[in-house]
Amino acid sequence: MNEKISGPIRDARTLGVPKMLLLGLQHMFAMFGATVLVPIIVSGYGLPLSIQTTLLFAGIGTLLFHACTKCKVPAFLGSSFAYLGGFAAVAELNSGKYADMTGAEKLPYALGGVVIAGLLYLVLALLFKVVGPYKVMRYFPPVVTGPIIILIGLILAPTAVTNSAACWPLALLAIAVIIVFNIWGKGMLKIIPILLGVVIPYVVALVTRQVDFTAVGEAATLGLQPFVLAKFDLSAILVMAPIAIAAMMEHVGDISAISATVGENFLEDPGLHRTLVGDGLATALAGLFGGPANTTYGENTGVLVLSRVYDPKVVRLAALYAVILSFSPKFAAVINSIPTAIIGGVSFVLYGMISAVGVRNVVENQVDFTRSRNLLIAAVILVSGLGFNSYGGLTFTVAGANVTLTGLAIAAIAGVALNAILPGNDFQFGKSANSDSSASLGKY
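Residues numbered from 1 in each chain as written. Predicted model: local features only at pLDDT ≥ 70, side-chain atom pairs only at ≥ 80, totals over all residues. Heavy atoms only, no water.

**Things to note about helix α14 (residues 298–307)**
Alright, step 1. Most of α14 sits out of view: nine of its ten residues are buried.
Alright, step 2. Taken residue by residue, α14 has Gly298, Glu299, Asn300, Thr301, Gly302, Val303, Leu304, Leu306 and Ser307 as its buried positions.
Alright, step 3. Arg308 occupies a position one or two residues after α14 and carries a positive phi of about 60°. (Buried < 20%, exposed > 50% of the residue type's maximum accessible area, 1.4 Å probe, protein only. Helix = DSSP H or I, 4+ residues; strand = E, 2+ residues; numbered from the N terminus.)

In C-alpha cells form, the structure reads like this:
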C-alpha cells in the first residue's frame, strides 16, 4: 500500500487487516467514554444501569442500525444523553405504585418508557417514508441544519473543559498528540490520531501514578451482563416516550453531520426513514433488556473528520469490539481507569471538529446571511440551543409527570418552525444550485 494518504478512504480493506482492526479500535475508544458515562450518571440517580449491558447493546444496536441502513452509513450508536432527564424524573416518582419502590424496582419502568420511545421512531420513520424526502427536506435547509450541527459540538464543549480541568497537563498532551500526528503523521499514524491521543497520555499517567487500579483488581475477568427486563406503566411512558420527538431532531442533525463529513446523501440513500428505523429498533431493544436509549454518536463523526476513513466496516468492527468487551468486567474497569482529563483533551478536538463541519455546511451551501430571514433563524437556533442547555432544558408536566426537552431539541424545533413560517424559503431540495451533487445538504 502507498503510505501517503492523499484523499478520503472509502474501502478500508485497501489498508490491510491489521490497520482496519486499529481503525475500529479508534472508533471504539472515541465512543467509550460518553457511552459508559450515561449508566454512571443514571446510577447516580439511584437507577442501577449496567456499564456492561450498555456496551453490549451499543454494539448490537450499531450492527442492527447498519443492517437497517444497507450497511451504508458509517455511524456508531452509543448511549443517548437526551433521556437523562427522563431517567431522573422516573427516579423521583414517589406517588401511587412508585411510593415504596427502590431505584432498582423503578428502573424496569424507566426502561419500558425507553422501549416505547424507540417504537415511536418507527411511526416517525413511516411519516418520512410516506411524505417523501423531497418534501421533508424543505424543512431542513442548510440555514437550519448548519447551525444545528454547530450546536452539537458547542453544547458538548463545556464537558470537554470540565474533564480537562481535572489535569490540564494530561489534557494538553492529548490535544498535542492528536494535532501532531494528524498534521505531521505519516501513513497509519496519520489515520489514528485519536487512538494515539488516548494511549500516549495514558502511558504518561501510568508512569506518573495518576491511574487508580483498585477497581481493576477487584473486577472479574469474564462475566455476563446483568439484564433487566422492561416493565410498562403509563406514568413512566409519558415521561420517557415524548423525548423521542426531541431525540429525532438530534438524529437528523447527526445524520446531516455524517452526510456533510463523508460527502454522501444519507438522508436520501439509504434514506432518513431507514436511519430512524435503525435508531428506533436499537433503542427499543436496548430498553427491553436493560440498556439506555441509543443515538448516533457525534464523537465518531469527529473521528471520521480526522481519519478521513469513511468505510462503515470500520465502525462495525468497533461495534464487535463493544460486544466482546461487554463480557469483561475487568476490561470495563480498565477503561474506566483512564483519567477524565485525557477524555477531556480528546473531546476538545472531536467536539470542535463537529462544529467545524456545521460551519463548512453553511459556507459551502452559500447561505446568505445578508437576508434577515436567515439571520433570524440561525440566531434563534444558536441562542435557544446554548441558552436552554445552560438553563437545564425546558420542563413541562404531562399527566402529572415532568418531561424535559434538551437545549438542542428546542433549538431544532424552533429552527424548523421558523423556517416553515417565515416567508422567503428559497431552498429547493434537489434543485438549488449547490444541492444537486448530493441532493440534500448541497455541495460538500
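Now that the structure has been shown, we can carry on.
**Observations regarding the nonpolar core**
If you look at soluble globular proteins, the nonpolar side chains tend to sit buried side by side.
Alright, step 1. By size, the foremost hydrophobic cluster in this structure holds 122 residues, and its most contacted members are Met28, Met31, Phe76, Tyr83, Phe87, Ile258 and Leu350.
Alright, step 2. Not counting residues up to four positions away in its chain, the partners in contact with Tyr83 are Ala117, Tyr121, Met240, Ile243, Ala244, Ala247 and Ala293. (Core = buried A, V, L, I, M, F, W, Y, C linked by side-chain atoms within 4.5 Å. Contact = heavy atoms within 4.5 Å.)

**Some thoughts on unusual backbone geometry**
Alright, step 1. Cis geometry is found at the peptide bond from Asp269 to Pro270, where omega equals 15°.
Alright, step 2. Its place among the elements puts Pro270 in helix α13 (residues 267–289).
Alright, step 3. For Lys70, which is not a glycine, the phi torsion comes out positive at approximately 60°.
Alright, step 4. Here the phi dihedral of Arg308 falls at roughly 60°; this positive angle occurs in a residue that is not glycine.
Alright, step 5. Considering the arrangement of structural elements, one finds Arg308 in the loop between α14 and α15 (312–325).
Alright, step 6. What makes Arg308 partly exposed here is its relative accessible area of 35%.

**Brief notes about the packing of helix α3 (residues 84–92) against helix α4 (residues 103–131)**
Alright, step 1. The N-to-C vectors of α3 and α4 enclose an angle of 140°; their axes lie 9 Å apart at closest approach. Taken together, the axes of α3 and α4 are oblique relative to one another. Of the two possible hands of crossing, α3 and α4 adopt the one that is right-handed. Listed contacts from α4 to Phe87, Val90, Ala91 and Glu92 of α3 are Lys106, Leu107, Ala110, Leu111 and Val114.
Alright, step 2. A class-by-class count of the residues in the contact of α3 with α4 yields seven nonpolar, no polar and two charged. (Axes fitted to C-alpha atoms, helices over the stretch in contact; angles between N-to-C directions. Parallel < 35°, antiparallel > 145°, perpendicular 65-115°, else oblique. Left-handed = near helix turned anticlockwise from the far one by under 90°. Nonpolar A, V, L, I, M, F, W, Y, C, P; charged D, E, K, R; others polar.)

**Points about a nonpolar patch on the surface**
Alright, step 1. A cluster of nonpolar residues, Val161, Trp168, Leu172 and Phe348, forms a patch on the protein surface that exposes about 350 Å² of accessible area.
Alright, step 2. Looking at where Leu172 falls in the secondary structure, it is placed in helix α7 (residues 168–184). (Patch = residues over 30% accessible without salt bridge, like charges linked within 9 Å, V, L, I, M, F, W, Y side chains within 5 Å. Areas by Shrake-Rupley, 256 points an atom, 1.4 Å probe, with all protein chains shown as cover. Salt bridge = Lys/Arg side-chain N within 4 Å of Asp/Glu carboxyl O.)

**Quick look at the pattern of salt bridges**
Opposite charge on two side chains makes pairing possible when the charged atoms of those side chains draw close.
Alright, step 1. Tallied over the full model, the rule gives six salt bridges.
Alright, step 2. The salt bridge partner of Arg10 is Glu264, with a shortest N-O separation of 3.0 Å. Placement of the pair is Arg10 in the segment before α1 (17–44) and Glu264 in the loop between α12 (243–262) and α13, with a sequence separation of 254 residues.
Alright, step 3. Here Glu264 falls in the partly exposed class, since its relative accessible area comes to 33%.
Alright, step 4. When the shortest N-O distance is used, the salt bridge between Lys313 and Asp311 registers 2.9 Å.
Alright, step 5. The exposure class of Asp311 is buried, given its relative accessible area of 3%.
Alright, step 6. Through salt bridges with shared partners, a single ionic network connects Asp11, Arg13, Asp311 and Lys313.

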